[in-house]
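As a plain string of letters, each chain reads:
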Amino acid sequence: MRSLLSLVFLSSNLLLSASAFASIDLDLLREAVRARDLPRIAQMSDASVGEPLEMYPRYYWLNLQLKQISEEDANWFLNRYPNTPLANRFREDWLKELASRQNWTSFEREFSKLDSPSVELQCFKTQAALARNDSSTLSGNKSLWFTGKPAPSSCNPVFDALFENGSLTTDDAWWRIRQALAANRADFARQLSSRVGAPAEFSAKNFAAINSAPEKQLARLGSGRANRELQLYALELIGRKNPEQAARLIEEMAEQFSAADQRFAWQQLGLTAARRHHPSASLWLNNADMSNLEEEDQAWFLRSALRANDWTAVEQRINALPKDSQEKRTYRYWLARAYETQNKPAEAKAIYLALSDGFDYYGLLAQEKIGTILQESRAPYTLNSEDLKQIAALPGVNRALRLNQQNWRVEANREWNFAMQGLSDTQLLAASELARKNKMYDRSIYSAERTKTTHDFTLRYPLPYQTETEAAARAQDLDPAWVYGLIRQESRFISDIRSSANAAGLMQLMPDTAKWVAGKMKISDFKPQDITDVETNVQMGTFYLAYWANSFNGNAILTTAGYNAGPGNARKWRADRELDPTIYIETIPFSETRDYVKKVLTNASHYAHYFKNSPTQLNQRLQNVPPAPQ
């Protein structure tokens, strides 16, 4: 294939022209890419030779015609811009194209240069080996089968080979069908059924009937493996609506199921019930098996025991986890709590001591348990001008700053994060300060958080827009440290940021919420575009936060959870009794909200060092959660 680059980028090999350092207008580039205006992109590429962002128009020019370019074109780009995030992105796209051309020799050469290949590319790599009649790496892909989620299509030939050589069996196919049904992916289960002879029981009509009336269809299902899987599926559907009825049916049908099938039925019922805080969830999970589950499902075994105040089960279930999971800070903390509750103070203290060297949620809780609060220096780390100059001279940092200037934040963040790899603590702090000076507060925090031994908490927990934020917090009688902790988690202080859900500004207000708040605050001239104004956003955001804080009687946990997931959910997650605050947080069903509450309250404890009369200890922010009204 003739090189397209040889036809277009002739000036690349010439001396730099007078326009060589002309700045690329990224808005014009974006418009040209959307319009697929290749001549215009080529013109911008030619005009940008020597400019720090010269690779960007060239990337899009090549990527838009990936199926037409030659290996010479692709290699030219990869060799000209090595060790850059854009080259890595292009390499991944180019590898997929090489796979579609079945050019396995070139594929394997480029694949070896990837740091973290995707599952799709891993499967293509195995296809490349099989094309050379090399099956030595085939068995290493077996683990990709064991999930209830669909795999990339590139893995299908790999799975075919694994079934053909006996590494995967019919039982393994049934296992995955069962997991797909457990994940409510009936269509995917039907696709997988071709691996077990496509039984007639797996017809679309049959699945529709089971989904419509699982109780009725459960009684009609006959014997055989396909019907047994459908019975378990029907029990799961019943358990989602009526867990008590499902529990009775599992007991009544016990003789129809093997011991393993019974454990699976209890497992699925217990997990569904645990996520809904059903009081019997932990008891049902006592009949189940924790093995062969993804980590989030295993965590619900622990959470259900916490919700039931069954500390013996907490200890047993943590110790039943894989060793690498047991070492995670979440499980170490809760094992210590279990030891403490069961009058094993020495064992508990040893774990708390090990956790107390961190500044995260569990680190602060552990410090407060042993009574040793790590003193954080609030004095900035002293950097010299040479430190900043060296960081600013890094090509990736330079590109990130230029991209950010033109509001290409996603690309700027990729460049920045890539440039931070391998830097020392001093270099990271210099980078953090440089980002702060350029109002890239999210990247400043990112860099400051990566330090290992030398820290600067003024960079980890900065105070942008202090006048506006503190005034708004005080006006609503809110702790400014809490407000800052929330803003840090919501927007990282990027004032005009918008989420995929269209939440906007520092405190990430949704349009309908902003409109409601404007009405409550009697702002008659409010316009939707006002929401990214710093003063307007923090005034409205703090009003909204204070409104729900008053509704929740000042409970910071319920208010913070409600700010993220909605106040209705925060109320729904309460129990029929008063709950330990850390147990309420740990058993929040939404992973995002659970992490959010931990981080916001941890942030607030760090920010409290800046404000008089603001509680610096995390436990002072963790009030017991009152019971739900009966």
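That block above? That's the structure.
Per chain, residues are indexed from 1 in the order of the written sequence. Reporting of local features is limited, given that this is a predicted model, to residues whose pLDDT is at least 70; pairs of side-chain atoms are given and counted only at 80 or more, and all residues count toward the totals for whole chains, interfaces and linings. As a rule here, side-chain values come from all non-hydrogen atoms in the structure, and water together with hydrogens is ignored.

Undergrad: What should I look at first to understand the pattern of salt bridges in this one?
TA: As a working rule, side chains carrying opposite charge can pair if their charged atoms are close by. Salt bridges are identified by distance alone: a Lys or Arg side-chain nitrogen within 4 Å of an Asp or Glu carboxyl oxygen. A full pass over the atoms with the stated rule returns 40 salt bridges. A salt bridge links Glu-51 to Arg-402, with the shortest nitrogen-to-oxygen separation between them at 3.1 Å. Residue Glu-51 is found in the loop between α3 (38-47) and α4 (55-63), and its partner Arg-402 is found in helix α25 (residues 395-405); the two are separated by 351 residues along the sequence. In this scheme, a residue with accessible area under 20% of its type's maximum is buried, one over 50% is exposed, and one in between is partly exposed, where area comes from a 1.4 Å probe on protein chains only. Look at Glu-51 and you get buried, because its relative accessible area is 3%. The partner of Arg-132 in a salt bridge is Glu-108, and the shortest N-O contact between them spans 2.8 Å. Taken together, the positions of Arg-132 in the loop between α8 (119-131) and α9 (156-164) and Glu-108 in helix α7 (residues 104-111) put the pair 24 residues apart, joining distant regions of the chain. Given the relative accessible area of 45%, Arg-132 is considered partly exposed. A cluster of three or more residues bridged by salt bridges with shared partners is formed by Asp-171, Arg-178, Arg-225, Arg-228, Glu-229 and Asp-261. Helical segments are the DSSP runs of H or I of at least four residues, strand segments are the runs of E of at least two, and each set is numbered from the N terminus.

Undergrad: Explain helix α2 (residues 26-34) to me, please; I cannot follow it from the model alone.
TA: What sets the pattern is the α-helix's 3.6 residues per turn: residues three or four places apart point alike. Considered for burial, the residues of α2 that qualify are Leu-26, Leu-29, Ala-32 and Val-33. Projected down its long axis, α2 carries its buried residues within an arc of 115 degrees, all on one side. In α2, the exposed positions that point more than 90 degrees away from the buried face belong to Glu-31 and Arg-34. Buried residues along α2 sit against α3, α4 and α25. Capping of α2 at its N-terminal end is provided by Asp-25; its side-chain oxygen lies 3.1 Å from the backbone amide nitrogen of Asp-27. Looking one or two places after α2, you find Arg-36, whose phi comes out positive at around 55 degrees. The directions considered for the arc are those from the helix axis to the C-beta atoms. Contacts were defined at the residue level, with two residues in contact if any of their heavy atoms lie within 4.5 Å. Whenever a nitrogen or oxygen atom comes within 3.5 Å of another N or O atom, the pair is scored as a polar contact, on the condition that within protein one atom can donate a hydrogen and the other can accept it, and that pairs from neighbouring residues in sequence are kept only if both atoms are in side chains.

Undergrad: Help me understand the side chain of Asn-537 in this model?
TA: Within the secondary structure, Asn-537 is located in helix α33 (residues 534-551). Side-chain polar atoms of Asn-537 contact the backbone oxygen of Ile-531, separated by 2.8 Å. Beyond its immediate sequence surroundings of up to four residues, Asn-537 is in contact with Ala-504, Gly-505, Leu-506, Met-507, Gln-508, Leu-509 and Ile-531.

Undergrad: Teacher, can you tell me more about the packing of helix α14 (residues 225-241) against helix α16 (residues 259-275) here?
TA: Between two packed helices, the angle of one axis relative to the other and the distance separating the axes together describe the packing. Relative orientation of the contacting elements α14 and α16 amounts to 25 degrees, with a least axis distance of 9 Å. Comparing their axes, α16 and α14 come out roughly parallel. The way α14 lies across α16 gives a crossing that is right-handed. Of the residues in α16, those touching α14 at Arg-228, Leu-232, Glu-236, Gly-239 and Arg-240 are Asp-261, Phe-264, Ala-265, Gln-268, Leu-269 and Thr-272. Residues are grouped as follows: nonpolar covers Ala, Val, Leu, Ile, Met, Phe, Trp, Tyr, Cys and Pro; charged covers Asp, Glu, Lys and Arg; every other residue, Gly included, is treated as polar. Taken together, the residues of the contact of α14 with α16 sort by class into four nonpolar, three polar and four charged. Fitted lines through C-alpha atoms serve as axes, helices being fitted only where they are in contact, and the angles separating the N-to-C directions of these axes extend from 0 to 180 degrees. Small angles under 35 degrees read as roughly parallel and large ones over 145 as roughly antiparallel, with 65 to 115 read as roughly perpendicular and the rest as oblique. Crossing handedness: left-handed means the near helix sits turned counterclockwise from the far one by under a right angle, and right-handed means the same turn made clockwise.

Undergrad: Hey, could you run me through the packing of helix α26 (residues 409-419) against helix α28 (residues 441-448) in this one?
TA: Axis separation between α26 and α28 bottoms out at 11 Å; the angle between their running directions is 20 degrees. Judged on the interaxial angle alone, α28 and α26 are roughly parallel. Crossing handedness for the pair α26 and α28: right-handed. Counted together, Asn-413, Trp-416 and Asn-417 of α26 and Asp-442, Arg-443, Tyr-446 and Ser-447 of α28 form the full contact between these two elements. Tallied by class, the residues present in the contact of α26 with α28 amount to two nonpolar, three polar and two charged.

Undergrad: Looking at this structure, how should I read the state of the cysteines?
TA: Where two cysteines share a covalent bond between their sulfur atoms, that bond is called a disulfide. For this text, the term disulfide refers to a pair of cysteine sulfurs within 2.5 Å. Counted according to the given criterion, the structure contains one disulfide. Between the sulfur atoms of Cys-123 and its disulfide partner Cys-155 the distance amounts to 2.1 Å. Across the S-S bond of Cys-123 and Cys-155 the torsion is about 90 degrees, and the bridge reads as right-handed. Here Cys-123 is found in helix α8, whereas its partner Cys-155 is found in the loop between α8 and α9, with 32 residues between them in sequence. Residues Cys-123 and Cys-155 agree in their burial class; the two are buried.

Undergrad: Even after reading the chapter, I still don't get the nonpolar core, so can you show me in this structure?
TA: Note on soluble globular proteins: their nonpolar side chains tend to be buried together. We call a set of buried Ala, Val, Leu, Ile, Met, Phe, Trp, Tyr and Cys residues a nonpolar core when their side-chain atoms join them within 4.5 Å. With 139 residues, the main nonpolar core has Trp-334, Tyr-584 and Leu-601 as its most contacted residues. No other element matches the nine residues that α33 contributes to this core. Discounting residues that sit within four places of it in the chain, Tyr-584 has contacts with Arg-307, Ile-557, Leu-558, Ala-561, Ala-570, Trp-573, Arg-574, Leu-579 and Val-625. Core analysis: the next-biggest nonpolar cluster, separate from the first, contains 39 residues, Leu-62, Leu-64, Leu-86 and Phe-111 among them.

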